[in-house]
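# Examination of the molecular architecture
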Amino acid sequence: MAIGAVRDGDTVHDWFVVLPAVTADPAGDHALAVVHRDAAVRHLGDEDLRRRHPSAVAAERAGSALAAHRAVPFRFASPHTPDDEAPRLHA
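The text that follows walks through the structure, step by step, so that each part is easy to find. A quick note: this is a predicted structure, and the numbers were derived from the prediction, not measured.

## Digging into the nonpolar core
- Listed in full, the twelve residues of the largest apolar core are Ala5, Val17, Leu19, Val35, Ala40, Leu44, Leu49, Ala56, Val57, Ala58, Ala59 and Phe76.
- When residues of this core are assigned to their parent elements, the largest contribution, four residues, is made by helix 2 (residues 54-70).
- When sequence neighbours within four positions are dropped, the list of residues in contact with Leu44 reads Leu49, Pro54, Val57, Ala58 and Arg61.

Right, dumping it as structure tokens:
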């Protein structure tokens, strides 16, 4: 098992990040959460994000904390640059 973070985006929601659990049995990705910009901004408040997208910062923190709690790897292939073609984890 592993926890991933995958960027996606559309014209309505801007860039957002999906947090999937990747499992071997059953094999596949299982979406745990979707982090949208507005929710991330509310969660992070006035924190200095060093020009990073709020959804990426919030998803990276949540995903890495969950992975640490479950003692599994965490992978975010594009934490600094929006890229919906970045490599994804696979079971």
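Here the narrative resumes, following the displayed structure.
## Thoughts on the packing of helix 1 (residues 37-44) against helix 2
- Taken N-terminus to C-terminus, the directions of helix 1 and helix 2 make an angle of 70°; their axes are 8 Å apart at the nearest point. Classed by the angle they form, the pair helix 1 and helix 2 counts as roughly perpendicular. In this structure, helix 1 meets helix 2 at a crossing whose hand is left-handed. On the side of helix 1, the interface is formed by Arg37, Ala40, Val41, His43 and Leu44, while helix 2 contributes Pro54, Ser55, Val57, Ala58 and Arg61.
- Across the contact of helix 1 with helix 2, the residue classes break down as six nonpolar, two polar and two charged.

## Concerning the pairing of strand 2 (residues 14-24)
- Strand direction decides the pairing type here: strand 1 (residues 2-10) and strand 2, joined by seven bridges, are antiparallel. The partner of Gly9 across the bridge, within strand 2, is Trp15.
- Turn length for the strand 1-strand 2 hairpin, with the two strands adjacent in sequence and antiparallel, is three residues.
- Both strand 2 and strand 3 (residues 27-35) contribute to a ladder of eight bridges, which runs antiparallel.

## Structural notes on the pattern of salt bridges
- For the coordinates displayed, the defined rule picks out four salt bridges.
- A salt bridge links Glu47 to Arg61; its shortest N-O distance comes to 2.3 Å. Here Glu47, found in the loop between helix 1 and helix 2, pairs with Arg61, found in helix 2; they are 14 residues apart in sequence, far enough to count as distant.
- The class of Glu47 is partly exposed, set by a relative accessible area of 34%.

Reading the values: rules and limits
Residues numbered from 1 in each chain as written. Predicted model: local features only at pLDDT ≥ 70, side-chain atom pairs only at ≥ 80, totals over all residues. Heavy atoms only, no water. Core = buried A, V, L, I, M, F, W, Y, C linked by side-chain atoms within 4.5 Å. Buried < 20%, exposed > 50% of the residue type's maximum accessible area, 1.4 Å probe, protein only. Helix = DSSP H or I, 4+ residues; strand = E, 2+ residues; numbered from the N terminus. Contact = heavy atoms within 4.5 Å. Axes fitted to C-alpha atoms, helices over the stretch in contact; angles between N-to-C directions. Parallel < 35°, antiparallel > 145°, perpendicular 65-115°, else oblique. Left-handed = near helix turned anticlockwise from the far one by under 90°. Nonpolar A, V, L, I, M, F, W, Y, C, P; charged D, E, K, R; others polar. Pairing = 2+ DSSP bridges. Salt bridge = Lys/Arg side-chain N within 4 Å of Asp/Glu carboxyl O.

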